[in-house]
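Chains, contacts and geometry: an overview
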Amino acid sequence: MERELDFERPIADMEKAVQKLKNLTGDQKSDLSDQLDELQKKLIERKKEIYDNLTPWQTVQVARHPQRPVVHDYIDLVFSDFIELHGDRCFGDDRALIGGFALIGSEKVMLIGHAKGHSVEDNVNRNFGMARPEGYRKALRLMHLAEKYNLPVVTFIDTMGAYPGLDAEERGQAEAIARNLTEMARLEVPIIAVVTGEGGSGGALGIGVGDAILMLSHSIYSVISPEGCASILWRDASYNAHAAEALKLTSKSLLELGVIDEIIAEPPGGAHADPQRTADEVKTVILKYIKKISSRSPSKLVSKRFEKFAAMGKFTS
Amino acid sequence: MPWFIKAKTERDSRTKLADEMWIKCQQCNAHVFKQDFINNLSVCPKCNWHGKITAYERIGMTLDVGTFKEINENIRPDDPLSFVDGKGPYREKVEQARQKTGLNESVVTGLGKINGTFIVVAVMDFRFLGGSLGSGTGEKILLGANYSYDHKLPYIVFSASGGARMHEGILSLMQMAKTCAGIARLNERKIPYISVLTDPTTGGVSASFAMVGDVNIAEPGALIGFAGRRVIEQTIKQKLPDSFQTAEFVLEHGFLDMIVNRGDLKKTLSYVLSFYNR
Ligand SMILES: [Zn+2]
């Protein structure tokens, strides 16, 4: 593990011990093989224990882990034959939000996702997955193309938020997101949205209006970042953990609030501990929902999606 | 009463009286006689600064007299997250807002007429938790759209909001998708939807129903934008000009059809709707 989080230290220590035993040679090794088995079993248990009991703020850190799989990892591990389609036909091509034709199993889909990177260089190139209006407009263009070609849309959500920059405001960040929300509401092909890392506010929702909304177990989805919330409502950014708790931004909370349809389980130690296993699970669940939703007629699909979002919220009357 | 306390009390009551009689314009700093300001639709007669007005004041100056019929007025906030922040529980803030404004939510919705044309209207009120988009707000705006849809009546929404309501977490965010889903159905049935953006229309409200009008109209000087000025300044590490995110800036960049003085809004809305030829 390249960068361990505080609460992952016990795991890292045990992993080192396991590695040490594994590195032994010959007789020494066979003598200690029972001990190795035991330690490995304990390691899995400990990982599970830690990851089953993450606080919301720890979950935020896992969701932002630099080694957490990003959309390009999923393109390799979940999909095959991805052909990227570029540009919004209006201003430019946003590398922070990508899309294209792809195969998942034998299903042809339109894949759209925020693109974070693992390295700083990669992240700078991708603007840390924070899209500009041209990103949202490209996404919408690809969704309309998917509608024309009768392909389900699969979106991968992983962004701190839409890019808060001068140029983004000038080119209508608000309008771009608003347009997507409006158009996605009536798109006549299935839309499956998967929150894989950070679901940051309007920038996440801009590709998130799905017939099925899924979340990886240690991803987050929130109206505002814990830091932003803390600085506004506590007037102190150090109240991050309080804000993370109050915002109810974990997958478990969102399931309880009726916002998402299903939690995709991550392996013990989180998605970054075993990207392949995570991807296999993601693939299985996406295919399940494609199968389920594709049976709906276009009019049924759109009316069910409307009902789904119309029912969201809790108020008194 | 000792003289100095008496003098202070007199001074305080004089200041209070002055506060009641005069208003200081937030744009040109002129002191304007309050009654003149109100008679001028809460617009500064010296510099045309458009002050914030309440939802009912807006309804009073926009709809034909005696035609407004409120709908869904009992919808009010719940507390889905049992939210408590540094300043206390959300429930208390809601109660304070209800006491202060006499409103149940940050939007008032209803039916009425503009120069004889039947319409459905939603008017946000900034005094109620900064006009924030809570579940109740989203529900009322959607139900307004649904009424338009069912009865084929034009829908006019006046926005005045700082954005999503953090205290309702993800459910607040989902109101953006919910309200837009309502507007999308109006597009499908080809029912007019006019958005009037007033000061301020930012964050989650600008990034949902407020920006997707058939015609987007703003009041002069209104703050309109997605991200907050401070966040942007911190991100790009440069100072933004005063004109940034004003209605005039947004018009210049192509996201508004027009900027209309408050006194001309009713006439303009009526004229725009007269072109609906179905
Ligand atoms: Zn003035």
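The residue numbers shown here count from 1 along each chain, following its written sequence. By the order in which they are written, chains take letters starting at A while ligands take numbers starting at 1. In keeping with the predicted nature of the model, local features appear solely for residues at pLDDT of at least 70, side-chain atom pairs appear and are counted solely at 80 or more, and the whole-chain, interface and lining totals rest on all residues. As a convention, hydrogens and water are excluded, and side-chain values are obtained from all of the structure's heavy atoms.

In this structure, A:Tyr221, B:Tyr155 and B:Phe209 are the most contacted members of the largest nonpolar core, which totals 103 residues. Of the residues forming this core, the biggest block, nine residues, is contributed by helix α6 (residues 169–188) of chain B. Contact between two residues is taken to exist if any of their heavy atoms lie within 4.5 Å; hydrogens are not considered. Look past the residues within four positions of B:Phe209 in its chain and what remains in contact with it is B:Met124, B:Leu133, B:Ile141, B:Val157, B:Ser159, B:Thr179, B:Cys180, B:Ile183, B:Tyr193 and B:Ser195. Here, nonpolar core means buried Ala, Val, Leu, Ile, Met, Phe, Trp, Tyr and Cys residues that are tied together by side-chain atoms lying within 4.5 Å of each other. Throughout this description, buried means an accessible area under 20% of the type-specific maximum (1.4 Å probe, protein chains only), exposed means over 50%, and partly exposed covers the range between. Within the second largest apolar cluster, 27 residues are counted, among which are A:Val71, A:Ile75, A:Phe156 and A:Ile286. For the purposes of this entry, the term helix denotes a DSSP run of H or I that reaches at least four residues, the term strand denotes a run of E that reaches at least two, and both are numbered from the N terminus.

A few words now on the confidence of the model for chain B. Across the chain, each position has a pLDDT score giving the predictor's confidence in that residue, from 0 to 100. Chain-level pLDDT for chain B is 94 on average; 94% of the residues reach the 70-or-more range. Prediction confidence for the complex, expressed as pTM and ipTM, is 0.95 and 0.95 respectively.

What follows concerns a positive patch on the surface. All names here are of chain B. Patch criteria: residues need more than 30% relative accessible area and no salt bridge. Like-charged residues are merged within 9 Å; nonpolar side chains of Val, Leu, Ile, Met, Phe, Trp and Tyr are merged within 5 Å. Accessible surface area values rest on a Shrake-Rupley calculation with a 1.4 Å probe, where residue burial reflects the displayed protein chains alone. The salt bridge definition used is simple: a Lys or Arg side-chain nitrogen within 4 Å of an Asp or Glu carboxyl oxygen. In this charge count, Lys and Arg are treated as positive and Asp and Glu as negative; neither His nor the chain ends contribute. Charge coordinates come from a single atom per side chain, which is NZ of Lys, CZ of Arg, CG of Asp or CD of Glu. A surface patch of positive charge is lined by Lys152, Arg189, Lys190 and Arg278. Within the element layout of this structure, Arg278 appears in the segment after α10 (265–274). The exposure class of Arg278 is exposed, given its relative accessible area of 69%.

We now examine the interface of chain B and chain A. Listed by partner, the interface residues are 57 residues for chain B and 48 residues for chain A. Once two parts are put together, the accessible area they lose, assessed with a 1.4 Å probe and summed over both, is termed the buried area. Taken together, both faces of the contact between chain B and chain A bury some 4600 Å²; the carbon and sulfur share is 73%. Area buried by chain B at its contact with chain A is led by B:Met166, B:Ile170 and B:Phe226, which between them contribute 15% of it. The salt bridge partner of B:Asp78 is A:Lys314, with a shortest N-O separation of 3.2 Å. In protein, a polar contact requires one atom able to donate a hydrogen and another able to accept it; more generally it is a pair of N or O atoms within 3.5 Å, and residues adjacent in sequence count only if both atoms are side-chain atoms. If you look at where chain B meets chain A, you find twelve residue pairs in polar contact (both at pLDDT 80 or more). Breaking the side of chain B that touches chain A down by element, the ones donating at least two residues are β4 (76–77), β5 (84–85), α5 (135–151), α6 and α8 (229–236) of chain B. It is α6(B) that provides the largest number of residues to the side of chain B that touches chain A, a total of 17 residues. Three classes are used: nonpolar for Ala, Val, Leu, Ile, Met, Phe, Trp, Tyr, Cys and Pro, charged for Asp, Glu, Lys and Arg, and polar for all others, with Gly counted as polar. Looking at side-chain class alone, the side of chain B that touches chain A contains 30 nonpolar, 18 polar and nine charged residues. At least two DSSP bridges between two strands are required for those strands to pair. Pairing analysis gives two bridges linking strand β9 (residues 315–316) of chain A to β4(B), with the strands arranged antiparallel.

Moving on: the coordination of the zinc ion. Residues and elements named next belong to chain B. Sites may look incomplete, because water is not among the atoms used; the donor set itself consists of N, O and S atoms within 2.8 Å of the metal (3.2 Å for Na, K and Ca). Protein coordination at the zinc ion: the donors are Cys25 (SG), Cys28 (SG), Cys44 (SG) and Cys47 (SG), at 2.2 to 2.3 Å from the metal. Classification of the site at the zinc ion as tetrahedral follows from its four donor atoms and the range of 105 to 113° in their angles at the metal. Along the chain, the residues donating to the zinc ion fall in the pattern C-x2-C-x15-C-x2-C. Classification of Cys44 by relative accessible area gives buried; the value is 2%. For Cys47, a relative accessible area of 24% puts it in the partly exposed group. Any site counts as irregular unless it has four donors with all angles between 85 and 135 degrees, making it tetrahedral, or four or six donors with opposite ones more than 155 degrees apart and the rest between 65 and 115, making it square planar or octahedral.

Bringing the packing of aromatic side chains into the picture now. A pair of Phe, Tyr and Trp rings is counted when the ring centres sit within 6.5 Å of each other, with Trp represented by its six-membered ring. The angle between the planes then sorts it: under 30 degrees is stacked, over 60 is edge-to-face, the rest tilted. Taken as a whole, this structure holds eleven aromatic pairs over all chains when the rule is applied. Centre to centre, the rings of A:Tyr74 and A:Phe156 are 5.3 Å apart; their planes meet at 50°, and the pair counts as tilted. Of this pair, A:Tyr74 sits in helix α5 (residues 71–77) while A:Phe156 sits in strand β4 (residues 153–159), and the two are 82 residues apart along the sequence. Summarising the burial analysis for this pair, A:Tyr74 and A:Phe156 share the class buried. Aromatic pair B:Trp22 and B:Phe33: ring centres 5.4 Å apart, planes at 65°, arrangement edge-to-face. Here B:Trp22, found in strand β1 (residues 22–24), pairs with B:Phe33, found in strand β2 (residues 31–33); they are eleven residues apart in sequence, far enough to count as distant. Criterion for a charge above a ring: Lys NZ or Arg CZ within 6 Å of the ring centre, and within 35 degrees of the ring normal. Directly above the ring of A:Phe306 sits B:Arg185, whose terminal nitrogen or CZ lies 4.1 Å from the centroid. One Lys or Arg, B:Arg185, reaches over the ring of B:Tyr149 and ends 3.8 Å from the middle of that ring.

On to a negative patch on the surface. All names here are of chain A. A cluster of acidic side chains, namely Asp34, Asp37, Glu38 and Glu45, defines a negative patch on the protein surface. Inspection of the secondary structure puts Asp34 in helix α3 (residues 33–52). A relative accessible area of 60% means that Asp34 is categorised as exposed.

This part is about the pairing of strand β7 (residues 107–114) of chain B. All names here are of chain B. Within β7, seven of the eight residues are buried, which leaves the element mostly enclosed by the surrounding structure. For strand β3 (residues 69–71) and β7, the ladder comprises three bridges, and the chain directions are antiparallel. By the bridge assignment for β7, Ile71 is matched with Thr109. With eight bridges connecting them, β7 and strand β8 (residues 117–124) associate as antiparallel partners. Across the sheet, residue Ile114 finds its bridge partner in β8, namely Thr117.

For helix α12 (residues 240–247) of chain A, every residue scored as buried is listed here: A:Asn240, A:Ala243, A:Ala244, A:Ala246 and A:Leu247. An end-on view of α12(A) places all buried positions within 165° of arc, on one side of the element. Its buried side turned inward, α12(A) meets α4 (56–63), β7 (220–222) and α11 (226–234) of chain A together with β5 and α6 of chain B. Downstream of α12(A) by one or two residues, A:Lys248 has phi in the positive range, about 50°. An arc is given here, and it is the one of the directions from the helix axis to the C-beta atoms.

Moving on to the side chain of A:Arg126. Here A:Arg126 lies in the loop between α6 (120–125) and α7 (133–149). It turns out A:Arg126 is buried and unbridged, and the closest side chain with the opposite charge, A:Asp122, is 4.9 Å from it.

All names here are of chain B. An automatic or database domain assignment supplies the residue ranges for each domain. Along its sequence, chain B is carved into domain 1 (1–49) and domain 2 (52–276). Put simply, the middle of domain 1 and the middle of domain 2, counted by C-alpha atoms, are 30 Å apart. Taken together, the contacts link four residues of domain 1 with six residues of domain 2. Of the roughly 460 Å² buried between domain 1 and domain 2, counting both surfaces, carbon and sulfur atoms make up 55%. The three residues of domain 1 that bury the most area against domain 2 are Leu41, Ser42 and Asn48, which together make up 79% of that side's buried surface. At the junction of domain 1 and domain 2, the tally comes to zero salt bridges. If you look at where domain 1 meets domain 2, you find three residue pairs in polar contact (both at pLDDT 80 or more). Looking at side-chain class alone, the side of domain 1 that touches domain 2 contains two nonpolar, two polar and no charged residues.

Residues separated by three or four positions in an α-helix point in the same direction, a consequence of the helix having 3.6 residues per turn. An ideal rise of 1.5 Å per residue puts 18 Å on 13 residues; helix α15 (residues 298–310) of chain A measures up with 18 Å between its terminal C-alpha atoms. Of the residues making up α15(A), those classed as buried are A:Leu301, A:Val302, A:Arg305, A:Phe306, A:Lys308 and A:Phe309. Buried residues of α15(A), seen end-on, are gathered within an arc of 160° and therefore sit on one face of the element. The inward-facing, buried residues of α15(A) contact α9 (173–184), β5 (191–200), β6 (212–216) and α14 (275–294) of chain A together with α5 and α6 of chain B. Between the first and last residue of a helix there are one fewer steps than residues, each counted as 1.5 Å, and that sum is the expected span.

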